[in-house]
Amino acid sequence: MTQHLTNETLQDYIHSDLSPQEDAQVYTHLEQCADCRAEYDAENTIGESLRAYAAETERELPATLKAAIWSEIRSARPSFWSRFTASFRPAMALPVAAVIAAGVYFGVTNMGSPASPSIEAAYYLQDHAAMNDTTPFSDRGGAPANLESASVSATDQQSVAIEATTYTADASNR
């Protein structure tokens, strides 16, 4: 180093804020340069004087004030917020999350939509009977209305009903 050290560099050296390379260079320079060594000693003397003055003028808190502070600390209760956040520690988080998830799931499924009107079984039986009655030539239904007219004789009606039954039986066997 051909130049003298700056006060900032000396302060960084005193407080060990330099990189190892820079620290070694400053140390070497201080060993060789009397002017920089004198400046370094002056900075150290000022720093030590300030620390000594601070230690001398430091004042203690009165004993009664210390006692009052410690009694407040000992009697302090945790706030609602600190108790609330403490309940979410990992040991509690999983069960609490499971209960909340179950509550949301069952609450939403039960509250989601109003109950749909129920349809009684009698409706289905009546609907089935009506469908069978309107289907021509079914096994359970009677003869179609146009076959029951007065213009067709009873034997004709029987033969049509027998043919319809045979046709249905043949269709179901296929």
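Residues numbered from 1 in each chain as written. Predicted model: local features only at pLDDT ≥ 70, side-chain atom pairs only at ≥ 80, totals over all residues. Heavy atoms only, no water.

Novice: Looking at this structure, how should I read the confidence of the model for the protein?
Specialist: Detail in the predicted coordinates should be disregarded across regions flagged by low pLDDT. Here the protein averages 76 in pLDDT, and 68% of its residues register 70 or above. Within the protein, no element has a lower average pLDDT than helix 8 (residues 154–173), which sits at 53, and none a higher one than helix 2 (residues 20–32), at 92. (pLDDT = per-residue confidence, 0-100. Helix = DSSP H or I, 4+ residues; strand = E, 2+ residues; numbered from the N terminus.)

Novice: Even after reading the chapter, I still don't get the packing of aromatic side chains, so can you show me in this structure?
Specialist: The geometry of an aromatic ring pair comes down to the distance between the two centres and the angle between the two planes. Under the definition given, this model contains two aromatic pairs. Their ring planes at 75° and their centres at 5.1 Å tell us that Tyr-105 and Phe-106 sit as a pair that is edge-to-face. Pair check on accessibility: Tyr-105 and Phe-106 agree, each one exposed. (Phe/Tyr/Trp six-rings, centres within 6.5 Å; stacked < 30°, edge-to-face > 60°. Buried < 20%, exposed > 50% of the residue type's maximum accessible area, 1.4 Å probe, protein only.)

Novice: Where do I start with helix 3 (residues 34–57) in this structure?
Specialist: Think of an α-helix as turning once every 3.6 residues; residues three or four places apart then point the same way. Counted at 1.5 Å a residue, the expected span for helix 3 with its 24 residues is 34 Å, and the 35 Å between its end C-alpha atoms agrees. When helix 3 is considered as a whole, its buried residues turn out to be Cys-36, Tyr-40, Glu-43 and Gly-47. Along its buried surface, helix 3 packs onto helix 1 (7–14) and helix 2. (Expected span 1.5 Å × (residues − 1). Contact = heavy atoms within 4.5 Å.)

Novice: So what exactly am I meant to see when it comes to the pattern of salt bridges here?
Specialist: Side-chain pairing between opposite charges can occur once the charged atoms of the two side chains come close. Inspection of every chain in the model, using the stated rule, returns two salt bridges. Notably, a salt bridge pairs Asp-41 with Arg-37, separated by 4.0 Å at the nearest N-O pair. A residue pair is termed a helical-turn pair when its members lie 3 or 4 positions apart in one helix, as Asp-41 and Arg-37 do in helix 3 at four residues. For Glu-60, the salt bridge identified is with Lys-66, shortest N-O distance 2.9 Å. (Salt bridge = Lys/Arg side-chain N within 4 Å of Asp/Glu carboxyl O.)

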